[in-house]
Amino acid sequence: MLLALLFSIGWALAAPLLVRAAGRAAGWVLALGPAALFAGFLAAGGTVGPEASIRETAAWVPTLGVEASFVLDGLSLLFALLVTGLGAVIAVYAGSYLHGHRDLGRFYLLFFAFLSAMLGVVLADNLILLFIFWEGTSLCSYLLVGFKHESTPARTSALQALLVTGAGGLALLAGFLLLGIAGGSFELSVLMERGAAIRSHDLYLPAFLLIALGAFTKSAQVPFHFWLPNAMAAPTPVSAYLHSATMVKAGIYLLARTDPILGGTGLWTWTLAAAGAATMLVGAVGALRHTDLKKVLAYSTITALGTLVVLLGLSYGASIKAAIVFLLVHALYKSALFLVAGSIDHETGTRNVLHLGGLRRAMPLTAAAAVLAGLSMAGLPPLFGFVGKELAYKAKLGVENLGWLLPTIAVTANALTVAAAGILVARPFFGRRRTPDGSQVHEAPLGMWVGPVVIGLVGLAFGLVPGLLYAPVSAAVDAVAGEPVDINLALWYGVNTALYLSLATVALGVAAFAGWTPIRYALLRLRRLSRAGPERAYEAGLDGLFRLAAWQTRFFEGGSVRSYLAATFGVIALAVGGTLLLRGGVSLQPAVLLDGLQALPYETGLVAIVGAAALVAARLRSMLLSITSLGVVGLGLALLFVMMSAPDLAMTQFLVEVLIVVIALGVMQALPLAREVEPRGRRGRDAVLAVAVGATVSMLLLAVLRLPFDATVPQYFLEESVPGGFGRNVVNVILVDFRALDTLGEIAVLAVAAVGAFVVLKLGRPARSRLGPPPVPSVVLRAGARLLLALLVVTSLFMLWRGHNEPGGGFIGGLFAASAVVLYLMAFRQARTERLLRVPPRSALGVGLAVAVGSGLVGVALAGAPFLTGQWVAVGTLKLGTPLLFDVGVFLVVVGFTLTIVLSLERVVAGPPQPPQQPLASPEAAAADRQPARLNGGTTEPAEV
Amino acid sequence: MELARAFSTMAADLPAIFSMIVVSVVGLVMLTVAAFRSDHPSIPWLGVAGMVVASAWELFQLGTEPGTAFFGAIRVGGYAAFINLLVLLAGIATTILSVPYLHRLKHDYGEVYALLMYATVGMILLGSSNSMVSIFVGLETMSVCLYVLAGLIREDEGAVEAALKYFLLGAFSTGFFLYGIALMYGATGTMYLPAMAQADLATAGGTLLFWAGVALFLIGFLFKVSAAPFHMWTPDVYQGSPTPLTGYMSTASKAAAFGSLILVLYYALPAERWTLVLAVVAVITMVVGNVMALSQANVKRMLAYSSIAHAGYILVALAAGTEAAFAGALFYLLVYTVMNIGAFGVMALLEWDGREGRVQTLDSLAGIGTDRPVLGVTMVVFMFSLTGFPPFGGFFGKYAVFAPAVDAGLTWLVLIGVLMSAVSGYYYLRVVYVFWMQDRDDVVDARQASLGGLPPVSRTSQGVLVVCAVGLVAMAFFSGGLIEAATGFFDASAMAAAGGGG
């Protein structure tokens, strides 16, 4: 079977080439593939008895229970024969019908791909494999229905069909997963033996409903039936194949296949019978409303599908037999009628029966095929349709507690089907001769009449000698029932109730055909009712989804970074803060807080200053003043660190804050000086959010502080600092020795950030300063800057040197040095600063990194210690070691980082020494006015460790 | 200590970061070449060569026993090699796709490709981190480069705005992340993931500290993988960034971040506490991503929302938290990377210059399949695969993610996921529909596009796309082996976990 599938897929891939090679005879050549498959299955069928089935399996995704396992039993054999046999006939037909179409190769590729997928569905033994092929059929049908892509209806309906069946398919997957859990396997053959256990499992109900949903959408059951008539926009060979015998029958196949596993319960019977009966009626009535041949065919197909679902729902021997026979009957006559409709369309240019009549003389062969198929559809002897209908009536009569209801529905639906058969066959081929433009009509070409005639004759043969079908039908029935069932097949069962029902059906049907025109008008008048139908629901649903999407986009994605931040903060305040309040056992005790504040008067005062400065920063309109106020906030925090005995942190904070204020003020030269005033409402929202987030973080901190503190970690570092790292400044020892690898990573990030900033600013055009040309700096500033430069550089080296034992270190020293150069830059502008530096500051990045890495390698080379292990030598009382060298690397990287950014910014903001006048506004002006002081927020954090 | 031992220590540690070293060094070489001639045509190919060498190395590492290096800070072998390989392959594809794109925009500076290399280094570090500090360093290295790459096209106000938003929001998330790490360290006294799980929280009274830390830490991570409600930067940034680089951001950075998150969840956090939180985030993410993608007219924006939705699918597996689910997530990352790079790659090759700058509206691409059949066919494969239609890789990815979640009892979550996949069909197939089934002459935008002249299509770029598409089909056949291999990473690395940590 795997071989058959591979052959079929190969055939699909070769199709475009074969089309090109075969030219006019393309249809005939391409039909050889499915014909060979048909013969193969026929030969294999000899070995498939009621008891025996062939199973093949190969591993695929074993961890997830997906196996490439196939099974050939009666049911799959029957379907495989249908799929390949009709495939061959329709391949011939399509060759003629689409002759000369520029995309014929593509058509055959898709057609055979569909055939392969359909074969896969009916042969798969693994549920997931079945699903894969199932979705494959949806996909191929989407592309096939949309094949006539010149017309808008074709595209819309293709998408509709795909969405409906695709969504159903996903429900099916979910159902399969549940079924797999309930049954403990994904193999159908295994599940069939566990049917009883599965039916009493808790997951039976959801699994059944989901699988039924999948089957119903695929097989166009009410209320999902609407996609099928719309899909008639497809080329006719596609409809004949997909919408009569194969794709729409996939749902029927699935129900038949899962009958031994899920069937037989009240839920199964009632769900299927109700849906099927409703579908029968809706289809039968719909068929009479239309005058387009294909629409009539589509609705009558819906009726037939409903009949099949009802029969499978009854789920006992006779009904299963009836279902299998009727399935064959329908596949034969419906595909023939579709092909006939296509021929009529091809020869006359219309499918509207009102414009057609008396074609039998012009198209005798097609007419003969149509008559054979039509009689079968109407269920008249001696055609196969008669056998099917009799069996169906008998099966429905055999149900005890449904009494008269089902037979009544069946008779009504079948009578209307008889009328539909009349519309399809009698109207166009008999009566007065009528064509749309009165022109001469010819018989369809050989390729187009041979198919319907063959299928019609097969129907006649099966009707006359139903015994021919005994072996395949009985094997299929056994497979569905899950046990051997005694069946007999005959054209004539004698006079019984079913025969009376048949007679009534035909009589009613003929009457309905005679009164078709008034019935049609009446139905058309009722069309308003269908406005409330499921198709409207589908459209309204789709519409609603779009409106929801549009609303969501407007609401959440205004494009403003402020609202993004607001949403993020809101979530954090709610999620973290809320959890703390509800679960963390945090309670607010203001009295305790006040006591604490009184005990620390200086700190309290400082916090008040910081708070006031933050308020001012938020309220002021002038950007310059806001930045300065933010600087006050930062410096206040630095003072707090001093009071809390964290000198390293305080120094770092102090220097970073100063540099940020300077850089931000520099940037401000190119930005608007006053910012827009926000509407009161938004400011209120922001204030609430700010307070909420602030409160959350404070709460978190307070809660953390109340916890008993595990002092092992700090204790370890305090104890190990001097003996292990030869330094008394624990912070510095951690940075350059104990956790030097982390520091190395962080200075690497700094270096990368500097390169990034350099690239961005290099690519940019200089922005025009809004403050006009920079004023010539005062002499005092210049003189002071020279002095301070020297002083600060010395300080920075001092800081670097003493860092290991006293507050200081590479980070702080680097920041001192950078501040010195920045001060010089303010006094002497860019050109002279660059001359002073001689080398571009970014070279310090590379040298610094190299020094840091090199200091780590010393230990490796000398002592065989791991990378970045400190090595020390004693020079008198002085201990010198590689961590100090490492700190030099840190120093260089920090200097390089700061200066690269500042100098690059200066070039953009102030322009080259003699800026050419370029009338350009800085593009980020609009977005950046809110948070200028944060411009470096992300990259300076490592410095605050 | 003698020299022999020195070399053996180095020999043990250096291979762990071999690919990082190669990529960084080649990046430096590229910078040096760029210093002489910024648009030297050999620069991107130097990068490609470097990354090819690195990925060959990682391919070799896939089968090796997992372990740790640098005092347990870096993971090596199996899992790490898989993530690294993914990142490197994405980097190679992106570089090749960027060459014609940036050349056309006259932004083909060598530094850009060097930045791409450094971003890759960050991702490799992130994906193979075994300690919180190296996670942070990797995350930042990657992010800083991406901030810059997002704003590359400075003439485009949208790009600048996007970069700024990315940077501002990213800086905040980094703050949360760092704060979270600090709290977790305070509670457990260690930075190493396996050791964190072994730390005794109850005695120190550190549970609140720890969980508050985890909450903040997760917020940082969820931001990076653009899970709702921290996703808001994604559409703006993806739309504004140069298209091939958007593909890179949406795949490689997510693969690395998810790879790291899985390690944290697997080693450091007990699963049961996070199932519900991650499940809720997954639901919001899937709904927001899929529903909002519906109403987008711009393909890049649509793909941005779709990438949010895909993050949601992966979160489903993370919520399930079993080894099979994590393995499924890994496989999903692989599939997702291939198809998303491909989709963005196609869009990059189809971008045309209109009056309003670079145009990527869907309507303007009506009937493009007929003119550019290779792009059209590969795009169909990518779209079907993104929807999750079999037989493409996307289906197997979704199945690998959803099936273990059902096994873990999260059926409700999977049902939502499946429903949302159905919704996603609409917007993905609309692309197929426009590409192949609409006629250019029916659509005003498309007529303008054809008047403006579509850019010529580079053969190498098309080759990359074809490889991606063929890969997606091939994955259907090899998914079994791939998923099994991914499951194997967890079995083996679970054993190595005891040895890791410091």
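Residues numbered from 1 in each chain as written. Chains lettered and ligands numbered in written order. Predicted model: local features only at pLDDT ≥ 70, side-chain atom pairs only at ≥ 80, totals over all residues. Heavy atoms only, no water.

Run through the overall build of chain B, naming residues and quoting values.
Counting its regular elements, chain B contains 21 helices and four strands. Relative to its full complement of 502 residues, chain B shows a buried share of 71%. For chain B, long-range pairs separated by at least 24 residues make up 80% of all intrachain contacts whose partners lie at least 6 apart in sequence. Working note: accessible area of chain B is about 14,300 Å², and carbon and sulfur atoms make up 67% of it. (Helix = DSSP H or I, 4+ residues; strand = E, 2+ residues; numbered from the N terminus. Buried < 20%, exposed > 50% of the residue type's maximum accessible area, 1.4 Å probe, protein only. Contact = heavy atoms within 4.5 Å. Areas by Shrake-Rupley, 256 points an atom, 1.4 Å probe, with all protein chains shown as cover.)

Would you mind going over the overall build of chain A in detail, with residue names and values included?
The secondary structure content of chain A amounts to 39 helices and four strands. A buried classification covers 56% of the 945 residues belonging to chain A. Summed over all atoms, the accessible surface of chain A reaches about 38,100 Å², with 68% contributed by carbon and sulfur.

Tell me about the packing of aromatic side chains, and please be specific about residues and values.
Residues and elements named next belong to chain B. A complete count under the given rule lists 42 aromatic pairs over all chains for this structure. Ring centres 6.0 Å apart and planes at 55° place the aromatic pair W57 and F60 in the tilted group. With W57 and F60 both in helix α3 (residues 42–61) and three residues apart, the pair spans about one turn of that helix. You can call W57 partly exposed: its relative accessible area is 23%. On the accessibility criterion, F60 (56% relative accessible area) is exposed. (Phe/Tyr/Trp six-rings, centres within 6.5 Å; stacked < 30°, edge-to-face > 60°.)

Report on the confidence of the model for chain B, specifying residues and quantitative values.
Residue and element names in this part refer to chain B. Of all residues in chain B, 89% have pLDDT values of 70 or greater, and the mean over the chain is 83. In the predicted structure, residues 497–502 sits below a pLDDT of 50 and forms ten contacts with residues beyond four places in sequence or in another chain. For this predicted complex, the interface confidence score (ipTM) comes to 0.72, while the overall pTM stands at 0.76. (pLDDT = per-residue confidence, 0-100.)

An account of a nonpolar patch on the surface is requested, with residue identities and associated values reported.
All names here are of chain A. A surface patch of nonpolar side chains, about 500 Å² in accessible area, is lined by L593, L594, L597, L702 and L705. No other element matches helix α26 (residues 590–599), which puts three residues into the nonpolar patch. Within the element layout of this structure, L594 appears in helix α26. (Patch = residues over 30% accessible without salt bridge, like charges linked within 9 Å, V, L, I, M, F, W, Y side chains within 5 Å. Salt bridge = Lys/Arg side-chain N within 4 Å of Asp/Glu carboxyl O.)

Give me the lowdown on helix α32 (residues 730–738) of chain A, citing residues and values where you can.
Regarding α32 of chain A, the residues found buried are V730, N732, V733, L735, V736 and D737 of chain A. The N-capping residue of α32 of chain A, defined by a side-chain oxygen 3.2 Å from the backbone nitrogen of V731 of chain A, is N729 of chain A. (Polar contact = N/O pair within 3.5 Å; in protein donor to acceptor, adjacent residues only side chain to side chain.)

Any chance you could break down the side chain of T236 of chain A for me, citing the residues and the numbers?
All names here are of chain A. Turning to its location among the elements, T236 is positioned in helix α11 (residues 236–245). Taking relative accessible area as the criterion, T236 reaches 1% and is therefore assigned buried. Discounting chain neighbours no more than four positions away, the residues touching T236 are Y97, K294, F338 and G342.

Report on the pairing of strand β4 (residues 878–881) of chain A, specifying residues and quantitative values.
Every regular strand shows the same layout, with side chains that alternate between the two sheet faces. Residue and element names in this part refer to chain A. Bridge count between strand β3 (residues 872–875) and β4: four bridges; the pairing is antiparallel. Residue pairing for β4: V873 is matched across the bridge by L880. Two successive antiparallel strands, β3 and β4, enclose a turn made up of two residues, where G876 displays a positive phi of approximately 65°. (Pairing = 2+ DSSP bridges.)

Describe the confidence of the model for chain A, with residues and values.
All names here are of chain A. For chain A, per-residue confidence averages 82 on the pLDDT scale, and residues scoring 70 or more make up 90% of the total. When the elements of chain A are averaged for pLDDT, helix α39 (residues 937–940) gives the smallest value, 37, and helix α9 (residues 204–218) the largest, 92. Confidence over residues 913–945 falls short of pLDDT 50; this stretch has 55 contacts with residues more than four positions distant or in other chains.

So what's going on with helix α18 (residues 405–429) of chain A? Which residues, and what values?
Residues and elements named next belong to chain A. With 25 residues, α18 extends 36 Å from end C-alpha to end C-alpha; this agrees with the ideal 36 Å at 1.5 Å per step. Bending of α18 peaks at approximately 30° at the position of G422. Where burial is concerned, most of α18 is hidden: 20 out of the 25 residues are buried. Positive phi appears at G431, one or two residues downstream of α18, with a value of about 80°. (Expected span 1.5 Å × (residues − 1). Bend = angle between axes of the 7 residues up to and from the residue.)

Quick one: what's the story with the pairing of strand β2 (residues 66–72) of chain A, residue by residue and with numbers?
All names here are of chain A. Burial within β2 is extensive, with six of its seven residues counted as buried. In this structure, strand β1 (residues 54–61) lies alongside β2, joined through seven bridges in antiparallel fashion. Considered in β2, the bridge of V61 is made with V66.

Mind laying out unusual backbone geometry, listing which residues take part and the relevant values?
A cis amide bond links P381 of chain A with the next residue in sequence, P382 of chain A, at an omega value of 5°. Structurally, the position occupied by P382 of chain A is in the loop between α16 (364–378) and α17 (384–397). Cis geometry marks the peptide bond from A228 of chain B to P229 of chain B; its omega dihedral reads 0°. The backbone of R829 of chain A shows a phi angle near 65°, a positive value even though the residue is not glycine. Secondary-structure assignment places R829 of chain A in helix α35 (residues 810–837). Residue R829 of chain A is classed as partly exposed on the basis of its relative accessible area of 24%.

Describe the side chain of T269 of chain A, naming the residues involved and giving the relevant values.
Along the chain, T269 of chain A falls in helix α13 (residues 266–289). Polar contacts involving the side chain of T269 of chain A include one to the main-chain carbonyl oxygen of G313 of chain A, which spans 3.3 Å.

Can you explain the interface of chain B and chain A? Please cite residues and give values.
Chain B puts 102 residues into the contact, and the matching count from chain A is 96 residues. With both sides pooled, the region where chain B packs onto chain A buries about 8,900 Å², and carbon together with sulfur makes up 77% of that total. On the surface where chain B and chain A come into contact, there are zero salt bridges. Put simply, chain B and chain A have zero residue pairs in polar contact (both at pLDDT 80 or more) between them. Residue contributions to the side of chain B that touches chain A peak at 17 residues, all from helix α7 (residues 157–188) of chain B. (Buried area = accessible area lost by both parts, 1.4 Å probe.)

Hey, could you go over the packing of helix α11 (residues 233–240) of chain B against helix α14 (residues 299–320) of chain B for me, with residue numbers and the actual values?
Residue and element names in this part refer to chain B. At their nearest, the axes of α11 and α14 sit 8 Å apart, and the two run at 140° to each other. By the angle between their axes, α11 is oblique relative to α14. Judged by the sense of rotation from one axis to the other, the crossing of α11 with α14 is right-handed. On α14, the residues touching T234, P235, D236, Y238 and Q239 of α11 are K300, R301, A304, Y305, S307 and I308. (Axes fitted to C-alpha atoms, helices over the stretch in contact; angles between N-to-C directions. Parallel < 35°, antiparallel > 145°, perpendicular 65-115°, else oblique. Left-handed = near helix turned anticlockwise from the far one by under 90°.)

Now, about the pattern of salt bridges: what can you tell me, with residues and values included?
Opposite charge on two side chains permits them to pair, given that their charged atoms come into close proximity. Residue and element names in this part refer to chain A. Scanning the entire structure with this criterion turns up eleven salt bridges over all chains. One salt bridge connects D292 with R351, and the closest N-O pair in it is separated by 3.1 Å. Taken together, the residues D292 in the loop between α13 and α14 (293–314) and R351 in the loop between α15 (317–348) and α16 connect sequence positions 59 residues apart. Grouping residues by exposure puts D292 and R351 together as buried. Here R728 makes a salt bridge to E806, at a shortest N to O gap of 3.6 Å.

Now, about the packing of helix α34 (residues 779–802) of chain A against α35 of chain A: what can you tell me, with residues and values included?
Residue and element names in this part refer to chain A. Close contact between α34 and α35 brings their axes to 8 Å; oriented N to C, the two are set at 155°. Taken together, the axes of α34 and α35 lie roughly antiparallel to each other. With respect to the hand of their crossing, α34 and α35 are arranged in left-handed fashion. Looking at the contact of α34 with α35 residue by residue, the classes come out as 19 nonpolar, five polar and three charged. (Nonpolar A, V, L, I, M, F, W, Y, C, P; charged D, E, K, R; others polar.)

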